[in-house]
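If you want the building blocks of each chain, they are given just below.
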Amino acid sequence: MDFGAALLGLLTAGVVKVLVMLLGGHLLLAHTGGHALPTARRYLRQLPLPEGTEFRLLWWSLVLFCVSEVVCGVELYILAQAHVALTTTHAVTSSLGMGLFALAMLLYFDRRIFRFQRDRCIGRRVCGGCTLRAAAEGCKAHQLLLLGAVFMILAGAFPFFVSTASIPALPERYALPIPALNQWYDHTVVPWLTANFDSYRRTGVAFVLPEWVWLLEFRALPALALCLSAGAAVLVVRRRDELAVQLMVFGTGVLAYVYLEILIYRGTGEALLGSLMHEVAELWFLLALGELLQRIVAQAPASARVEAGAR
């Protein structure tokens, strides 16, 4: 009955995961400029990121993403099991990478479009006039920002109500509708694998995501987001609105990773399909990021790209 589950596992580990690692490495090297290895510069089309705080944050988010994929690959292809230090590294780097990405996008679009609390602030079209310089009133978006911080605190609290019970693989869900193939795999392939590979375990036994993984992702990471949101609320009260928005957006990126894990693993209640959905989500994100980076770098002044390449 493991044949269908084994095929699903091969699709995840042998196809989608490989594409994620290759595309992530490609994006990092292609947009690194002077940091790229000589062989990478030879074979990749170099589009170094321009100078600027947002682009440095974006580059570091790519670095963290690639680190998370490397440690995940070590778990998958070498250890063939979850390891506390590596899984912790994967979760922390993934969530912090998403936080940096969200912050980088905020800074980029704020500089290009929003210009929050600066000249030509987009909020003027909504507020009907800026009162930022008025000592008594300040920015008209002040109360809205405080409500946003409260919302982020509530969003960070929700994962604490999500179960942290271990999630096993359920190979019977994927039994092929061809009994002959299932019997051939169970009676021929499984005995051969058991006899020749000491580390071999049946899919349902080998692939279990333990409780400590979810204690990390559904408790520790949301606690970090809660602290960030609480800090943002304090900054709003102290009328440091711009920094508060940045802190909230960074926390939103961290929570985006947590909510993705809740959706795909608790939503499916099964480790194999959840893992495939996890890798597909990462692949989609990298494809979208690649398109976005092409547009951003193409619009940057040529002089900025040359300076970035000389870093």
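Everything discussed here concerns the structure shown above.
Given the structure is predicted, the values throughout are model-derived calculations rather than measurements. (Residues numbered from 1 in each chain as written. Predicted model: local features only at pLDDT ≥ 70, side-chain atom pairs only at ≥ 80, totals over all residues. Heavy atoms only, no water.)

## Here's the deal with the pattern of salt bridges
The cut-off we apply is this: A pairing counts as a salt bridge when a side-chain nitrogen of Lys or Arg comes within 4 Å of a carboxyl oxygen of Asp or Glu. Counting from the N terminus, the helices are the DSSP runs of H or I reaching at least four residues and the strands are the DSSP runs of E reaching at least two. Burial here depends on accessible area, computed with a 1.4 Å probe over protein chains only, as a share of the maximum for the residue type. Under 20% is buried, over 50% is exposed, and the range in between is partly exposed.
Inspection of the entire model under this criterion finds four salt bridges. One salt bridge in this structure joins Lys17 and Glu69, with 2.6 Å as the shortest N-O distance. In this pair, Lys17 sits in helix H1 (residues 3–30) while Glu69 sits in helix H3 (residues 53–79), placing the two residues 52 residues apart along the sequence. Lys17 sits in the buried class, given a relative accessible area of 0%.

## Notes on a nonpolar patch on the surface
Going by this rule: Patch criteria: residues need more than 30% relative accessible area and no salt bridge. Like-charged residues are merged within 9 Å; nonpolar side chains of Val, Leu, Ile, Met, Phe, Trp and Tyr are merged within 5 Å. Accessible areas in this description were obtained via Shrake-Rupley with a 1.4 Å probe; residue shielding takes into account the shown protein chains only.
On the surface, a cluster of nonpolar side chains totalling about 490 Å² of accessible area is made up of Val18, Leu22, Leu76, Tyr77 and Ile78. For the nonpolar patch, the secondary-structure elements that each account for two or more residues are H1 and H3. When residues in the nonpolar patch are grouped by element, the largest group, three residues, is from H3. Along the chain, the position of Ile78 falls in helix H3. On the accessibility criterion, Ile78 (65% relative accessible area) is exposed.

## A short note on the environment of Tyr77
Note the following rule: Whether two residues touch is decided by their heavy atoms; if any such pair falls within 4.5 Å, the residues are in contact.
Within the fold, Tyr77 resides in helix H3. Setting aside residues no more than four positions away along its own chain, Tyr77 makes contact with Ala13, Lys17, Val18 and Met21.

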